[in-house]
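Below are the chains, spelled out letter by letter.
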Amino acid sequence: MTVAAIIVAAGRGTRAGGGEPKQWRSLAGQSVLAHSVAAFAHLPRVVVVLHPDDMARGVAEFGGRVTLVAGGANRSDSVRNALEALDGAAMTRVLIHDGARPLVDRALIDRVIAALNDVPAAAPAVPVTDALWRGAADRVTGTQDREGLFRAQTPQGFRFDAILAAHRAHPEGAADDVEIARRAGLPVAIVAGSEDNLKITYAADFARAEQILGAKMDVRLGNGYDVHAFCEGDHVILCGVKVPHDKALLGHSDADVGMHALTDAIYGAMAEGDIGRHFPPSDPQWKGAASEIFLAHAANLAREKGFRIANADVTLICERPKIGPHAQAMAEELARIMGIDPTRVSVKATTSERLGFTGREEGIASIATATLVSE
Ligand SMILES: Nc1ccn([C@@H]2O[C@H](COP(=O)(O)OP(=O)(O)OP(=O)(O)O)[C@@H](O)[C@H]2O)c(=O)n1
Ligand SMILES: C[C@](O)(CO)[C@H](O)COP(=O)(O)O
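- The name that an unreviewed UniProt entry assigns to the protein chain is Bifunctional enzyme IspD/IspF, with the source organism given as Phaeovulum veldkampii DSM 11550.
- In its Cofactor (unreviewed entry) section, the UniProt entry covering the protein chain states "a divalent metal cation".

What follows is the structure in structure tokens.
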């Protein structure tokens, strides 16, 4: 089965207040919507529905990783626009998710997908556990039996053709896609939702979401250290930048001591050994190799394991060449290779006050730290 995800984020978040729409506000270092999108990144196709005013922002944040579609006046219109955009894309199943539910987890997504083997529609929900009242003017006016009542969540999953037909037949709108599916006569299975899968609706929900994320977050710190000796030559490669010098660095690859230290820091954070384990120096194919290959491999491995690189800090230890004039270009090059924002990368340098091998200008040393955070 080929599964697409539609993430609706074209609302204005009026109940949450706070200036900008809630899906663009920051939650633990990235936007609410970025968390929601990351949860579905393993699916073959992700469509994000945005308010027409937000399209440029969507391109800046997600680039070509997702398909962007303009939303409509209400949630159902937004979903229908995305379904129409996917028509003909050979998707057999579709998951429809609120961009405002950033804490959805993989296990819940998998439960919905698995249920679609047996039924045309399935959605997560949690049983109501509190007593229910009716009320008016701050007075309880009645009670409501909670037996058989559920709180509906997303992603709601459907056989693609069935939900597209249902939306076309019922353009009048509804609170969610289960309601549209039921109007079209589709049976909908309930799968176990999650208390953590809250929808950010009011301002206070941000603090709750931060708390849940903080408790779940897997933060890894890694460090790396490397040394390369000088040899004859007229330049060195440091953090991917060619720096003119009256010596070169000796090494099996391009001897980029800063990039090697950073690569080892990323492997270290994942307990994945070091460069030598992934690219053995005994293997002639890595002789003279650009160290970009090593750093890109470590960064991709981190992504595959569900981590993002939150920051990286590299220190080069040498008397010469002077690093300061090149530090910004080096940070930008490392950021490009790792696929992260340059403001999250630092390159700095220190001398060792003419002490030791770096002080005697026999070589360059580097130490690096990287922080990985679970998505
Ligand atoms: N025209 C709309 C309205 C809502 N949504 C999306 O549907 C989800 C659930 O809606 P809700 O929480 O009600 O979001 P808002 O409409 O933005 O909130 P509010 O009602 O407070 O303005 C959100 O991810 C929202 O962005 C949408 O894509 N298009
Ligand atoms: C789809 C939904 O998330 C199900 O709980 C919800 O109905 C959408 O949000 P709203 O606050 O009802 O607009």
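Concerning the site of ligand 1
Consideration 1: The local shell around ligand 1 holds 18 residues, among which V8, G13, T14, R15 and S78 are the closest.
Consideration 2: Note that an oxygen atom of ligand 1 is positioned 2.8 Å from one of the side-chain N or O atoms of R15.
Consideration 3: In the environment of ligand 1, an oxygen atom lies 2.8 Å from a nitrogen or oxygen atom belonging to the side chain of K22.
Consideration 4: Residue assignment for the shell around ligand 1 shows that the elements contributing at least two residues are β1 (3-9) and α3 (75-86).
Consideration 5: Class assignment of the residues belonging to the shell around ligand 1 gives a composition of 5 nonpolar, 7 polar and 6 charged.

Remarks on the packing of aromatic side chains
Consideration 1: Going through the model one piece at a time under the given rule, you end up with 3 aromatic pairs.
Consideration 2: Ring plane angle 45° and centroid distance 4.7 Å describe the contact between F279 and F294, whose orientation is recorded as tilted. Remark: F294 occurs in helix α10 (residues 292-304) and F279 occurs in the loop between α9 (275-278) and α10; sequence separation between them is 15 residues.
Consideration 3: Its relative accessible area of 4% is what places F294 among the buried residues.
Consideration 4: Taking 6.5 Å as the distance between ring centres and 80° as the angle between the ring planes, the aromatic pair formed by W286 and F294 counts as edge-to-face. Residues W286 and F294 agree in their burial class; the two are buried.
Consideration 5: Ring pairs connect the aromatic residues F279, W286 and F294, which therefore count as one cluster.
Consideration 6: Here the basic side chain of R15 rests over the ring of Y202, its NZ or CZ set 6.0 Å away from the ring centre.

Observations concerning the confidence of the model for the protein chain
Consideration 1: For the protein chain, per-residue confidence averages 96 on the pLDDT scale, and 100% of positions sit at 70 or higher.
Consideration 2: Listed scores for the predicted complex are pTM 0.75 and ipTM 0.95.

Quick look at the environment of P44
Consideration 1: Tracing the chain through its elements places P44 in the loop between α1 (32-39) and β4 (45-50).
Consideration 2: Looking at P44, the relative accessible area reads 59%, which means it is exposed.
Consideration 3: A C-alpha to C-alpha distance of 20 Å links P44 and R101, two positions 57 residues apart in sequence.
Consideration 4: With residues near it in sequence (within four places) discarded, P44 still touches T2 and V3.

As for the site of ligand 2
Consideration 1: Residues in contact with ligand 2, as listed here, are R15, R75, D98, R101, A152, T154, A175, D176 and K199.
Consideration 2: Between an oxygen atom of ligand 2 and a side-chain N or O atom of D98, the distance comes to 2.4 Å.
Consideration 3: One of the side-chain nitrogen or oxygen atoms of K199 is found 2.8 Å away from an oxygen atom of ligand 2.
Consideration 4: When the free accessible area of ligand 2 is taken as 350 Å², the share hidden by the protein chains comes to 72%.
Consideration 5: Within the shell around ligand 2, the residues separate by chemical class into 2 nonpolar, 1 polar and 6 charged.

Scoring rules and cut-offs
- Residues numbered from 1 in each chain as written.
- Chains lettered and ligands numbered in written order.
- Predicted model: local features only at pLDDT ≥ 70, side-chain atom pairs only at ≥ 80, totals over all residues.
- Heavy atoms only, no water.
- UniProt positions renumbered as here; feature names shortened; annotations may be inferred.
- Near = heavy atom within 4 Å.
- Polar contact = N/O pair within 3.5 Å; in protein donor to acceptor, adjacent residues only side chain to side chain.
- Helix = DSSP H or I, 4+ residues; strand = E, 2+ residues; numbered from the N terminus.
- Nonpolar A, V, L, I, M, F, W, Y, C, P; charged D, E, K, R; others polar.
- Phe/Tyr/Trp six-rings, centres within 6.5 Å; stacked < 30°, edge-to-face > 60°.
- Buried < 20%, exposed > 50% of the residue type's maximum accessible area, 1.4 Å probe, protein only.
- Lys NZ or Arg CZ within 6 Å of the ring centre and 35° of its normal.
- pLDDT = per-residue confidence, 0-100.
- Contact = heavy atoms within 4.5 Å.
- Areas by Shrake-Rupley, 256 points an atom, 1.4 Å probe, with all protein chains shown as cover.

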